[in-house]
Amino acid sequence: MKKILFKISSFCMALLVFVSTLSFTIESHYCGDVLVDSSVFGSVESCGMEVQQKPSSKECDLINKKNCCSDEQLVVDRQDNLKISFDKLDKEQQLLVATFIYSYINLFTEQQTENTSFRDYSPPPLVRDVQVLDQTFLI
């Protein structure tokens, strides 16, 4: 179960990095206030209301004022400030990385503690073997 969770989380992080570095453009064609066509990868289709003929200069000003069609582009830029190499870290970032590694390594090590409470106390001298004299043995 732990391996599956690890694989899912690593896939999600890789997908997040991929999406954050992806750039794309959304093109939209409006006829008045109505959205006629929208496209992410290709070009948008027009509604056909554009003027095909070339009028004179006086008529051109009138047509430009009356033109109801408009094209919009929404550009989503990618994120370019990713750090690929870690050899140029400043002091604060180095301290953060060192602290994280130290705490992460020590998180999983078991503390080896020795029982040293009797180190300064010597046992009483053995004058005679009481178990043999009383003949009491632990079985």
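Just so it is clear, the structure is predicted and the values come from calculations on it, not from any experiment. Here, residues in each chain are numbered from 1, in the same order as that chain's written sequence. Local features are withheld for residues below a pLDDT of 70 in this predicted model, meaning they are given only at 70 or higher, and side-chain atom pairs are given and counted only at 80 or more; totals for whole chains, interfaces and linings count all residues. Calculated side-chain values reflect all of the structure's heavy atoms, with hydrogen atoms and water omitted.

**Quick word on a nonpolar patch on the surface**
- For patch building, the residue pool is restricted to those with more than 30% relative accessible area and no salt bridge; the joining distance is 9 Å between like charges and 5 Å between nonpolar side chains (Val, Leu, Ile, Met, Phe, Trp, Tyr). The Shrake-Rupley method, run with a 1.4 Å probe, gives the accessible areas here. Residue values count only the displayed protein chains as cover. Each reported salt bridge corresponds to a side-chain nitrogen of Lys or Arg within 4 Å of a carboxyl oxygen of Asp or Glu. Where nonpolar side chains cluster on the molecular surface, the patch consists of Phe11, Leu15, Phe18, Val19, Leu22, Phe24, Val40, Phe41, Leu74 and Val76 and spans about 1000 Å² of accessible area.
- Put simply, DSSP H or I for four residues or longer makes a helix, DSSP E for two residues or longer makes a strand, and each gets a number counted from the N terminus. Within the residue set of the nonpolar patch, elements represented by two or more residues are α1 (2-20) and β3 (69-76).
- Considering each element in turn, the nonpolar patch owes the most residues, 4 residues, to α1.
- Within the fold, Phe11 resides in helix α1.
- Residue Phe11 is classed as exposed on the basis of its relative accessible area of 57%. Only protein chains enter the accessibility calculation, which uses a 1.4 Å probe; a residue is then buried when its area is under 20% of its type maximum, exposed when over 50%, and partly exposed in between.

**Examining unusual backbone geometry**
- Even without being glycine, Gln135 reaches a positive phi, approximately 55°.
- Within the fold, Gln135 resides in the segment after α4 (130-134).

**Remarks on the sheet that holds strand β2 (residues 34-39)**
- Pairing between two strands requires that DSSP report at least two bridges joining them. Strands sit in the order β2-β1-β3 across an open sheet of 3 strands; the sheet is antiparallel. Of all strands in the sheet, those bounded by a partner on one side alone are β2 and β3. In this sheet, adjacent strand axes meet at a mean angle of 20° when their direction is disregarded. Comment: axis = line fitted to C-alpha atoms, over the contacting stretch for helices; angle = value between 0 and 180 degrees taken between N-to-C directions.

**Overview of the confidence of the model for the protein**
- Residue-level confidence of the predictor, termed pLDDT, takes values from 0 up to 100. Considering every residue of the protein, the mean pLDDT works out to 78; 83% of them sit at 70 or more.
- For the protein, helix α2 (residues 57-66) is the element with the lowest average pLDDT, namely 49, and α1 is the one with the highest, namely 88.
- Two residues form a contact once any of their heavy atoms are found within 4.5 Å. Below a pLDDT of 50 lies the segment residues 59-63, which in the model reaches 3 contacts outside its immediate sequence neighbourhood of four places, other chains included.

**Some remarks on the pairing of β2**
- Inspection of the sheet shows strand β1 (residues 24-31) paired to β2 by 5 bridges, in the antiparallel sense. Following the sheet pairing, Cys31 is matched in β2 by Val34.
- The hairpin turn running from β1 into β2, its antiparallel successor, is 2 residues long, and Gly32 in that turn takes a positive phi close to 75°.

**What to know about the environment of Gln73**
- Its location among the elements puts Gln73 in strand β3.
- Among the residues examined, Gln73 registers a relative accessible area of 59% and is labelled exposed.
- For Gln73, the residues in contact, after removing those within four places along its chain, are Thr25, Ile26 and Glu27.

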